[in-house]
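What the coordinates show
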Amino acid sequence: MTTPFIVGSNNESFNKALPASLDENRLPKHIAIIMDGNGRWAKIKKLPRAMGHSAGVDALKSTLRLCSDWGIKVLTVYAFSTENWSRPKEEVNFLMKLFESVLKKEIEYLNIEDVRINFLGDLDELPARLQDLINQAINLTRNNTGINFNVCTNYGGRRELVLAAKKLANRVAEGKLDPSLIDENLFEKELLTSNYVDPDLLIRTSGEKRLSNFLLWQLAYAEIHVTDTLWPDFNEESLRNALLDYQSRRRRFGGLDNAVKDQL
Ligand code: FPP
């Protein structure tokens, strides 16, 4: 039996305190995660790949809960890429059904816990029943003020950029926009993430060191934490390690450290 998405089955799981080793003033506002390694996790355990994805949902539930408890404002996860349609039909069907069943089962709890859920991607290519559930979930949680939880579903970074360019080009063609006014600020208003700050931290599990077409614009200055842990094994310690790694970095955004500046 799986526990509800956010609401724990016992009091111990409520509002976990931030570990003392982490500085609450230097937490990332926005964490993005490429949840990789479900298939390998299942293979090691001699289980069908589908079981790896189901275990991945449990890891996601506990990660969302921890991020919410520890004061992270936005969590964005890569659940299904535009390239994932090329997987075997049975696996794609399983994933779509899994998204449906998780949404059906958990949405009420997400709402109780004040989570604001959103889905980023080409949603009109998803099965109609899943689209309905997604719309219900977005509408139900629209006014919540807790953590923003973005699920990238049928998402591709290049596609998102092309769509943004198309929207601006249309406005130019209609005579509503002067092309000389197009700058980074205007461009990012056309992205699916226009309501959120860019991710400060990208976590990728299972040791792969690729972006895989995820949030190509938004990750421009993100710190990247790669762990060999397979996604279903990602737990509180893994998240704490990712945050410790993040807090050990000096973010310079292309500039120089103050210490270096002093030496000049
Ligand atoms: C990557 O592992 C994982 C996915 C493509 C699916 C991720 C989906 C979930 C964890 C479920 C999320 C559910 C909701 C409702 C948001 P992989 O299959 O690529 O693993 P492998 O590289 O080891 O084969």
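From a predicted model like this one, the values you see are computed outputs, not experimental measurements.

Conventions we followed
Residues numbered from 1 in each chain as written. Predicted model: local features only at pLDDT ≥ 70, side-chain atom pairs only at ≥ 80, totals over all residues. Heavy atoms only, no water. Helix = DSSP H or I, 4+ residues; strand = E, 2+ residues; numbered from the N terminus. Polar contact = N/O pair within 3.5 Å; in protein donor to acceptor, adjacent residues only side chain to side chain. Axes fitted to C-alpha atoms, helices over the stretch in contact; angles between N-to-C directions. Parallel < 35°, antiparallel > 145°, perpendicular 65-115°, else oblique. Left-handed = near helix turned anticlockwise from the far one by under 90°. Contact = heavy atoms within 4.5 Å. Nonpolar A, V, L, I, M, F, W, Y, C, P; charged D, E, K, R; others polar. Core = buried A, V, L, I, M, F, W, Y, C linked by side-chain atoms within 4.5 Å. Buried < 20%, exposed > 50% of the residue type's maximum accessible area, 1.4 Å probe, protein only. Near = heavy atom within 4 Å. Areas by Shrake-Rupley, 256 points an atom, 1.4 Å probe, with all protein chains shown as cover. 1 Å grid on protein atoms, 1.4 Å probe; cavity = no way out; pocket = protein on both sides within 12 Å on 5 of 7 lines; lining within 4 Å. Sits in = over half its atoms within 2 Å of the grid points.

What follows covers the side chain of D200. Along the chain, the position of D200 falls in the loop between α6 (184-188) and β5 (201-204). Polar contacts involving the side chain of D200 include one to the main-chain amide nitrogen of K29, which spans 2.7 Å. Among the polar contacts made by the side chain of D200, one reaches the main-chain amide nitrogen of H30 at a distance of 2.9 Å.

Packing of helix α2 (residues 49-69) against helix α3 (residues 89-112) leaves a shortest axis separation of 11 Å and a crossing angle of 30°. It follows from the interaxial angle that α2 and α3 lie roughly parallel. Note on packing geometry: the crossing formed by α2 with α3 is right-handed. Two secondary-structure elements touch here, α2 through R49, A50, H53, S54, V57, K61 and L64 and α3 through E91, F94, L95, L98, V102, E106 and L110. Class assignment of the residues belonging to the contact of α2 with α3 gives a composition of eight nonpolar, two polar and four charged.

As a further point, take unusual backbone geometry. Look at D114: it is not a glycine, yet its phi comes out positive at around 70°. Position of D114 relative to the elements: it lies in the loop between α3 and β3 (116-120). The backbone of L215 sits at a positive phi, close to 40°, despite the residue not being glycine. Its location among the elements puts L215 in the loop between β5 and β6 (223-226).

As a further point, take the nonpolar core. Ranked by internal contacts, the top residues of the largest apolar core, which has 47 residues, are I31, L75, I117, F149 and L239. Ranked by the residues each element gives to this core, the list is headed by α3, at nine residues. Other than its neighbours up to four places away in sequence, I31 contacts C67, I72, V74, L75, T76, L201, I203, L239 and L243. If you look at the next biggest cluster of nonpolar residues, it comprises 11 residues, including A32, I34, Y78 and A222.

When you line up the elements, N118 lands in strand β3. When the C-alpha positions of N118 and T145 are compared, they lie 13 Å apart, and in sequence the two are 27 residues distant. Beyond its immediate stretch of four places on either side in the chain, N118 contacts I138, F149, N150, V151 and Y196. Engagement of the side chain of N118 in a polar contact is seen with the side chain of Y196, the distance being 3.0 Å.

Another point: the site of the ligand. Taken together, 17 residues sit near the ligand, with D36, G39, R40, R49 and R87 positioned nearest. Take G37: an N or O atom from its main chain is 3.4 Å from an oxygen atom of the ligand. In this structure, R40 approaches the ligand through a main-chain N or O atom, which is 2.7 Å from an oxygen atom. Look at the ligand: alone it shows 620 Å² of surface, and the protein chains cover 90% of it. Judged by the proximity of its atoms to the pocket grid, the ligand belongs to the largest pocket. Elements supplying a minimum of two residues to the shell around the ligand: α1 (38-44), α2 and α3. Residue contributions to the shell around the ligand peak at five residues, all from α2. A per-class count over the shell around the ligand returns seven nonpolar, six polar and four charged.

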